[in-house]
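This is what each chain is made of:
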Amino acid sequence: MANNNLFSDFEAVSSKQWKQQIQYELKGADYNETLVWESPEGIKVKPFYHNDETAVNLDAITPSKPFAIVQNIFVHDVQKSNARALETLQRGAESVRFTLENDAVSIDELMQNLPLENVNYYFNLPFLSVEFSNKINDFTTKSKANIFIQNDPIGQLVKDGNWFENLEKDFEKLNTITSKTAVPFLTISSGIYQNAGANILQQLAYTLAHANEYFNRISAINQPITIEVAVGTNYFFEIAKLRALRILFNTLASEYNQNFDCHIIATPTKRNKTLYDYNVNMLRTTTECMSAILGGADAIANLAYDAIYHKDNEFGDRISRNQLLVLKHESYFDKVNNPADGAYYIETLTEQLAEKALELFKDIEKNGGLISQLIDGTIQRKINESAQKEQELFDSGKEVLLGTNKYPNKNDQMKNDLELYPFVKQNARKTLITPIIEKRLAEKLEQERLASE
């Protein structure tokens, strides 16, 4: 029988020996100043990680099933949306997220002839209605479909500046819904924090505080909570972010004697997407989807390369869906459910992010909780400070977006291709709080270029 112990003839190399060799190669340069860098979250990243220095004791929970490919569909016309859902499921999508305009939509008509086995359907509701949630629950009971209702009044407050009605009535409705429905009905729209410029610690802490408001104010939550996450460009940090999110959520849920896991839907960030040299967006979304998969997302809804300036279109949807199909069926990213386990770097990052985010979460709770800090403007100010630091790095060229602030194509013309307005719009109106506004890094530079075309 062949001896498979291939490395027994080699002596183990300690971290001390590695450091000595690196110091020798540096020829007198300082190890810490030359090779150790600090992230925006205050985490010092070393050039190597070794098992004799890594004592991470984390039980990172990973989904039991491979990630699902989600197709987003905005329901303007029920029949067309139904046909589009059927087509995309036949062409590789494995889940569908319907965003409804209003509560006049017929659930039976929208779901007609759609496959129900092994397919998740998400109903993203930009309104809060007990009656409509009951309709979805009745349909689910009758059809045995796998449906998630996406209600998020706090997310509405964060994004819009106002509740659907007010705090008391919104939570009264949520308490009524939870008493009458067996369908998962809560979503935490945490992607807005990332897209507005929050750093990873802030994203994790605000998401946890967001969840804690629901645990505190809803009498009984017996179904999994969906968390929508935006995935940024810092590859390994984003993997660790999703792993830390599960650990933190489960820690919080256990404090309320809940043992259900969160259901994570990941989408690439809009923050680093560009109007010019837009094909580079495909490279960005590919690595961001990879981070989401390796971090353990349950489902991924990719962002089309032209999403910031084109209306929904079949070509953009097909390309974004095919990116995930390639990762799943040609790169085999679905074959291992815990690929990051045992990676010292990622496990160390996960532990540090979880610990630091938990400290920030505790500080938020000590000072009144998320809603209170939204009302007094603390959360908005902190996000703005973080976003401004990142914007300064982009403006100075230290944070690079190829084709935009590095190696731009001066002949690239986009003025006549805009179907959507790709910049922040702010309308003067009365709101309870200052809304948190998503903003891309390249907006100012792109506006200047468009003006010169």
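Thresholds, definitions, all that
- Residues numbered from 1 in each chain as written.
- Predicted model: local features only at pLDDT ≥ 70, side-chain atom pairs only at ≥ 80, totals over all residues.
- Heavy atoms only, no water.
- Buried < 20%, exposed > 50% of the residue type's maximum accessible area, 1.4 Å probe, protein only.
- Helix = DSSP H or I, 4+ residues; strand = E, 2+ residues; numbered from the N terminus.
- Pairing = 2+ DSSP bridges.
- Patch = residues over 30% accessible without salt bridge, like charges linked within 9 Å, V, L, I, M, F, W, Y side chains within 5 Å.
- Areas by Shrake-Rupley, 256 points an atom, 1.4 Å probe, with all protein chains shown as cover.
- Salt bridge = Lys/Arg side-chain N within 4 Å of Asp/Glu carboxyl O.
- Phe/Tyr/Trp six-rings, centres within 6.5 Å; stacked < 30°, edge-to-face > 60°.
- Lys NZ or Arg CZ within 6 Å of the ring centre and 35° of its normal.
- Axes fitted to C-alpha atoms, helices over the stretch in contact; angles between N-to-C directions.
- Parallel < 35°, antiparallel > 145°, perpendicular 65-115°, else oblique.
- Left-handed = near helix turned anticlockwise from the far one by under 90°.
- Contact = heavy atoms within 4.5 Å.
- Nonpolar A, V, L, I, M, F, W, Y, C, P; charged D, E, K, R; others polar.
- Polar contact = N/O pair within 3.5 Å; in protein donor to acceptor, adjacent residues only side chain to side chain.
- Core = buried A, V, L, I, M, F, W, Y, C linked by side-chain atoms within 4.5 Å.

Peer 1: Would you mind going over the pairing of strand β8 (residues 226–231) with me for this structure?
Peer 2: A regular strand carries its side chains on alternate faces of the sheet. Judged by how many residues are buried, β8 sits mostly within the fold: 6 of 6 residues are covered. Taking every second residue as pointing to the same face, both faces of β8 are buried, with Thr-226, Glu-228 and Ala-230 on one and Ile-227, Val-229 and Val-231 on the other. Pairing geometry for strand β7 (residues 187–189) and β8, over 3 bridges, is parallel. Looking across to β8, one finds that Ser-189 is bridged to Glu-228. Pairing between β8 and strand β9 (residues 263–268): 6 bridges, direction parallel. From the neighbouring strand, Ile-227 faces β9, where its bridge partner is Ile-264.

Peer 1: Help me understand a nonpolar patch on the surface in this model?
Peer 2: Together, Val-400, Leu-402 and Tyr-407 line one region of the surface with nonpolar side chains, adding up to about 330 Å² of accessible area. Secondary-structure assignment places Leu-402 in the loop between α15 (378–395) and α16 (443–452). Classification of Leu-402 by relative accessible area gives partly exposed; the value is 45%.

Peer 1: Sorry if this is basic, but what is going on with the pattern of salt bridges here?
Peer 2: Any two side chains of opposite charge can pair, on the condition that their charged atoms come close. With the rule as written, the count across this model stands at 23 salt bridges. Between Lys-169 and Glu-165 there is a salt bridge, with its nearest N and O atoms 3.9 Å apart. Residues Lys-241 and Glu-238 are paired through a salt bridge, measuring 2.8 Å at the closest nitrogen-oxygen approach. On the criterion of helical spacing, the pair formed by Lys-241 and Glu-238 is a turn pair, its members being 3 residues apart in helix α10 (residues 235–255). Exposure remark for Glu-238: the relative accessible area of 3% places this residue in the buried category. One continuous salt-bridge network, built from bridges that share partners, spans Glu-87, Arg-91, Glu-314 and Arg-318.

Peer 1: Hey, could you run me through the packing of aromatic side chains in this one?
Peer 2: Aromatic ring pairs: the centre-centre distance and the angle between the two ring planes describe each pair. One pass over the full model with this rule turns up 20 aromatic pairs. Cluster of aromatic residues (ring-pair linked, three or more members): Tyr-49, Tyr-235, Phe-236 and Tyr-345. The residue whose ring lies beneath Arg-449 is Tyr-276, and the NZ or CZ to ring-centre distance is 3.7 Å.

Peer 1: Explain the packing of helix α9 (residues 200–217) against helix α13 (residues 344–366) to me, please; I cannot follow it from the model alone.
Peer 2: Packed helix pairs are characterised by how far apart their axes lie and by the angle those axes make with each other. The interhelical angle for the contact between α9 and α13, taken along N-to-C directions, is 50°, at an axis separation of 8 Å. By the criterion of interaxial angle, the relationship of α9 to α13 is oblique. Considering only the axes of α9 and α13, their crossing is right-handed. On α13, the residues touching Ile-200, Leu-201, Gln-202, Leu-204, Ala-205, Tyr-206, Leu-208, Ala-209 and Asn-212 of α9 are Leu-353, Lys-356, Ala-357, Leu-358, Leu-360, Phe-361, Ile-364 and Glu-365. Of the residues in the contact of α9 with α13, the class split is 13 nonpolar, 2 polar and 2 charged.

Peer 1: What should I look at first to understand the side chain of Arg-246 in this one?
Peer 2: Inspection of the secondary structure puts Arg-246 in helix α10. For Arg-246, a relative accessible area of 0% corresponds to the buried category. Side-chain polar atoms of Arg-246 contact the side chain of Asp-298, separated by 2.5 Å. Setting aside anything within four residues of it in sequence, one finds Arg-246 in contact with Ile-61, Pro-63, Asp-261, Cys-262, Ile-264, Gly-296, Ala-297 and Asp-298.

Peer 1: Would you mind going over the nonpolar core with me for this structure?
Peer 2: One broad rule of soluble globular proteins: the nonpolar side chains tend to lie buried together. Ranked by internal contacts, the top residues of the largest apolar core, which has 103 residues, are Phe-98, Leu-100, Tyr-121 and Phe-123. The residues touching Tyr-121, leaving out its near neighbours within four places in the chain, are Leu-89, Val-96, Phe-98, Met-111, Leu-114, Pro-115, Leu-116, Asn-146, Ile-147 and Phe-148. Within the second largest apolar cluster, 8 residues are counted, among which are Tyr-276, Tyr-309, Met-414 and Phe-423.

Peer 1: How should I be thinking about unusual backbone geometry in this particular structure?
Peer 2: Trans peptide bonds make up most of the peptide bonds, and negative phi angles are found at most residues other than glycine. Although it is not a glycine, Tyr-332 sits at a positive phi angle of roughly 60°. One can find Tyr-332 in the loop between α12 (314–329) and α13. Taking the relative accessible area as the measure of exposure, Tyr-332 reaches 53% and is therefore exposed. For Tyr-407, which is not glycine, the phi dihedral falls at a positive 55°. By the element assignment, Tyr-407 lies in the loop between α15 and α16. By relative accessible area, Tyr-407 is classed as exposed at 64%.

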